[in-house]
Amino acid sequence: MLKPNTLKLSALSAALMTLSLQAIGDEEHPVTAKAIDHAPIGVMGDHLHHKGEFMFSYRFMQMSMSGNLQGSDSISNDEIVTSVTAPNSSMNLVRVVPQTMTKNMHMLGFMYAPTDSVTLMAMLNYIDNDMTLTTYSGSSGTTVLDNFNTASSGLGDTKLSMLYSLIDTPEHKFHVNLSWVLPTGSIEETGDVLTPMNMTSNLRLPYSMQLGGGSHRGEFGLTYNGNNENISWGAQGLYNLAFSENDEDYETGKTLQITAWANYGFSDQISATTRLTYIKSQEIVGEDENLTAPVTTANPANYGGTTFLAAVGVNSVIAKKHRVAFEYQIPVTQDVNGVQMEMDNMLTLGYQLAF
């Protein structure tokens, strides 16, 4: 028979062991404490949470563009204004050419897991667009009139998502991504435009300068994550499409995005990421009759194409709850529909807090 002191010591040991397991996480519900447990910060909806967990995230994304492409080849300003038509304008040829564009996106994310197999997610966006353009004089020729800027900013479209787990083991995880995109971003932004007649007019800005798509859209996909000691890897495929035309009689093109990544942990707190992404999107269907400027971005046929991107980044985890990360992405190849601006790079900075 155990003595009273021995019983007390055994009970104390059991209690301490229970507290320790709760503190570090058990085998079924481990605490996410390693940097390699996360996909690169540019990947959305990459993981689920355990029942009752919350996560808040903030991302800043900046995409820079300059110059123009026709298909996969560079095209000069003079070539554009002497050979590219403007079907939605009173002029036969394009007379306003985009030079540079910067798109800044502030993204707030919220995740909550009502069960171990379901995580709900909401993402809000604030967008700030800025574009520099060159106007050519008259209806033909290569005489430059002047440069000007247009800008738009405000709330973008809102995404509501559900992540549903299909496989959840310590080494492999596989889930379904289901999202509904709400058209909370404006599609009626206007700006002062320098016309080829050397007049400044306030006009409806082209599609790329609007803040949303104007239609309810669905996004469907699958995500896989794997890991082995200090290395993790994963892949995600997403398909996005509009359910109908918007109030301006057009809809954004269908988009397929496939991305794969690898993550190497130098320690539990720091890891380096690399990622490849393939994006194929269709041109805009329909048109906004209010877009009448003789500029490439006002033509619905000048949207969509195929892009292959490469990225590197860093993940860091602090005190198991805080994640700070960045990713830098550049295009490897671009093959656009019609004539479009060329992407230079995209930078993503992010912070996440899990509790």
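Note on numbering: residues in each chain are counted from 1, in written sequence order. Local features in this predicted model are restricted to residues of pLDDT 70 or higher, and side-chain atom pairs are both shown and tallied only at a pLDDT of 80 or more, whereas totals for entire chains, interfaces and linings draw on every residue. Think of the side-chain values as coming from all heavy atoms in the structure, minus any hydrogens and water.

*Asks:* Looking at this structure, I do not really get the packing of aromatic side chains. What am I missing?
*Replies:* Two aromatic rings, taken as a pair, are described by how far apart their centres are and by the angle between their planes. Pairs were defined over the aromatic rings of Phe, Tyr and Trp, the Trp ring being its six-membered one, requiring ring centres within 6.5 Å. Orientation was assigned from the angle between planes: stacked under 30 degrees, edge-to-face over 60, tilted for the rest. For the structure on display, the rule yields 6 aromatic pairs. Measuring from ring centre to ring centre gives 5.6 Å for Y207 and Y303, while their planes differ by 85 degrees; the resulting arrangement is edge-to-face. Of this pair, Y207 sits in the loop between β9 (200-204) and β10 (217-228) while Y303 sits in the loop between β15 (285-286) and β16 (305-318), and the two are 96 residues apart along the sequence. Taken together through their ring pairs, the aromatic side chains of F54, Y112 and F355 make up a single cluster. Numbering of helices and strands runs from the N terminus; a helix is a DSSP stretch of H or I covering at least four residues, while a strand is a stretch of E covering at least two.

*Asks:* What is the right way to look at the pattern of salt bridges in this model?
*Replies:* Note on pairing: side chains with opposite charge can pair once their charged atoms come close. Salt bridge, as used here: a side-chain nitrogen of Lys or Arg that lies within 4 Å of a carboxyl oxygen of Asp or Glu. Under the criterion given, the structure shown has 6 salt bridges. In this structure, R204 and E248 form a salt bridge, with 3.7 Å as the shortest nitrogen-oxygen distance. In this pair, R204 is assigned in strand β9 and E248 in the loop between β11 (231-242) and β12 (250-251), connecting sequence segments 44 residues apart. Among the salt bridges present, the one from D288 reaches R204, with a minimum N-O distance of 2.7 Å. With a gap of 84 residues between them, D288 in the loop between β15 and β16 and R204 in strand β9 connect regions that are remote in the sequence. With respect to class, D288 is no different from R204; both count as buried. Three or more residues are tied together by salt bridges with common partners; here these are R204, E248 and D288. For each residue, the accessible area found with a 1.4 Å probe, counting protein chains only, is set against the maximum for its type, and the residue is called buried under 20%, exposed over 50%, and partly exposed in between.

Read these as layout, nothing more, since geometry by itself doesn't imply function.
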